[in-house]
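Structural description and commentary
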Amino acid sequence: MGLLPENKPVKQKVEDAKVKIWIYGAPMVGKTVLASKFPSPIMLNTDGNTKFIDTPRILISDEVKHKGRIKEEIKMWSKFKAVIEELSDPTTNTYETIVLDLVEDLYEGCRLYVYDKLKIEHESDNPFKAWDIVTNEYLNTMRELLTLDYNMVILSHEDTTRDITRPNGDNITQIKPNLRDKVALKLVGYVDIVGRMTVQGREQKRVLSFKQDSVTFGGGRLNIRNKDIEPTFENIKNLYNENLGGIK
């Protein structure tokens, strides 16, 4: 008893709203640097490309420990799950933002973790359930993390290798994160906004675009479709300021 809230609208202060954003783009457009400018970040990094920032980080990768003649192998996905467990109690740290860099590497680590548990080498070795087990393991763990009370920035590279044919016969290139469609469409539901970061013009101006159409992957709960901004934390937070009260 006593679990039901009072029957009245809930008003959230803008300063209390946590940013939950997915940023994708080509390598070296500044995604990691942008994420490092969020308040008090910790970076869960998979590729080791953090030498140009001073953000506290944990390298999420396979690890081998030696104790005498005994070799202990720690899978990256096991390490990731252990970090989530520690971060789930915010009273044990002073971080305000969690950065995942890169989410497609984490998916690959999840696949290998499940392979090891099922004693298989590929999902096709157990086609009736392996694909679902990998997908469920990945999404359930990502949901566990992304619903924690921190700002969340998830980063991924973009994939421009797939073409689609429009009804008029035109062949066009899709622009999307480098992640399986089924997984990406579920993962987008755990964040508020998805933006593509690019470098444009001779001035090499960095732009964070929230375009969404049949060609470009995007979306979110904020009313910002087709909006371009200079990629700063302050500008991203302003998108929440403009939409507060309209979040679905």
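Right, let's walk through the structure included here.

What counts, and at which threshold
- Every chain is numbered on its own, with residues counted from 1 as its sequence reads.
- A pLDDT threshold of at least 70 governs which residues receive local features in this predicted model, and a stricter bar of 80 or more applies before side-chain atom pairs are shown or counted, although totals over entire chains, interfaces and linings include all residues.
- Each side-chain value is worked out from all heavy atoms of the structure, with water and hydrogens disregarded.
- Exposure is judged per residue with a 1.4 Å probe applied to protein chains only, and the accessible area is read against the type maximum: over 50% gives exposed, under 20% gives buried, and values in between give partly exposed.
- Helix and strand definitions here come from DSSP, where helices need a minimum of 4 consecutive H or I residues and strands a minimum of 2 consecutive E residues; each element is numbered from the N-terminal end.
- Strand pairing is defined by DSSP finding a minimum of two bridges between the two strands.
- Between 30 and 60 degrees the pair is tilted, below 30 it is stacked and above 60 it is edge-to-face, where a pair is any two Phe, Tyr or Trp rings, Trp via its six-membered ring, whose centres lie within 6.5 Å.
- What the arc covers is the set of directions going from the helix axis to the C-beta atoms.
- Any pair of residues with heavy atoms lying within 4.5 Å of one another is described as a contacting pair.
- To form a nonpolar core, buried Ala, Val, Leu, Ile, Met, Phe, Trp, Tyr and Cys residues must be joined to one another through side-chain atoms within 4.5 Å.
- Lining residues are those with an atom within 4 Å of a point, where the points come from a 1 Å grid over the protein atoms alone and group into cavities, where a 1.4 Å probe fits but cannot get out, or pockets, open sets with protein on both sides within 12 Å along at least five of seven lines.
- Grid points are joined across faces, edges and corners, and a volume is the space filled by probe spheres set on the points.
- Throughout, the ten residues Ala, Val, Leu, Ile, Met, Phe, Trp, Tyr, Cys and Pro are labelled nonpolar, Asp, Glu, Lys and Arg are labelled charged, and all others, Gly among them, are labelled polar.

1. Things to note about the pairing of strand β5 (residues 70-74)
Burial analysis of β5 places just zero of its five residues in the buried class, a small minority of the element. Looking at chain direction, strand β4 (residues 63-67) and β5 are connected through five bridges and run antiparallel. Counted as the bridge partner of E63 is I74 from β5. Remark: two residues form the turn of the hairpin made by β4 and β5, two consecutive strands paired antiparallel; G68 in that turn has positive phi of roughly 65 degrees.

2. Here's the deal with the packing of aromatic side chains
Geometry of an aromatic ring pair is reported as the spacing of the ring centres plus the angle between the planes. Considering all chains together, one arrives at six aromatic pairs under this definition. A centroid spacing of 4.8 Å and a plane angle of 65 degrees characterise the contact between F38 and F233, whose relative ring orientation is edge-to-face. A residue pair is termed long-range when its members are at least 10 positions apart, and F38 in the loop between α1 (31-36) and β2 (41-45) and F233 in helix α6 (residues 233-243) qualify at 195 residues. The residues F38 and F233 share a single accessibility class, namely buried. Both rings, one in W77 and one in F80, keep their centres 5.1 Å apart while their planes meet at 45 degrees; by these two values the pair is tilted. One end of the pair is W77 and the other is F80, both in helix α2 (residues 76-87) and three residues apart, which spans about a single turn. On the accessibility criterion, W77 (0% relative accessible area) is buried.

3. Observations regarding the pairing of strand β6 (residues 97-101)
β6 sits mainly inside the fold: five of its five residues count as buried. Burial of β6 is two-sided: the residues T97, V99 and D101 facing one way and the residues I98 and L100 facing the other way are all buried. Here five bridges tie β2 to β6, and the two strands are oriented parallel to one another. Each bridged residue has a counterpart across the sheet, and for I42 the counterpart in β6 is I98. The pairing of β6 with strand β7 (residues 151-159) spans five bridges and is parallel. For V99, the partnering residue across the bridge sits in β7 and is V153.

4. Remarks on α6
Within the sequence span of α6, burial applies to F233, I236, K237, L239, Y240 and N243. Axial view of α6: buried residues confined to an arc of 140 degrees, hence all on one face. Residues of α6 that are exposed and angled more than 90 degrees away from the buried face: E234 and E242. Residues of α6 that are buried make contact with β1 (20-25), α1, β11 (193-200), β12 (205-209) and β14 (228-229).

5. Focus on the nonpolar core
Formed by 39 residues in total, the largest nonpolar core has its most connected members in W22, L44, F80, I98, L100, Y138 and L187. For this core, the elements supplying multiple residues, two or more each, are β1, β2, α2, β6, α3 (103-118), α4 (130-146), β7 and α5 (181-187). Contacts of L100, omitting those with residues within four sequence positions, involve L44, F80, L106, M142, L145, V153, I154 and L155. If you look at the next biggest cluster of nonpolar residues, it comprises 24 residues, including I21, F38, L222 and Y240.

6. Description of the layout of surface pockets
The volume enclosed by the largest pocket comes to roughly 390 Å³. Along its surface, the largest pocket is lined by 17 residues, and M28, G30, T32, N49 and F52 are the ones closest to its centre. The biggest single contributor to the lining of the largest pocket is α1, with three residues. Partitioned by chemical class, the residues of the lining of the largest pocket number seven nonpolar, five polar and five charged. Q174, K176, D181, L185 and F217 are, among the 13 residues lining the second largest pocket, the residues nearest its centre. Element by element, the count of residues in the lining of the second largest pocket is highest for α5, at three residues. Residues of the lining of the second largest pocket, tallied by class, amount to five nonpolar, five polar and three charged.

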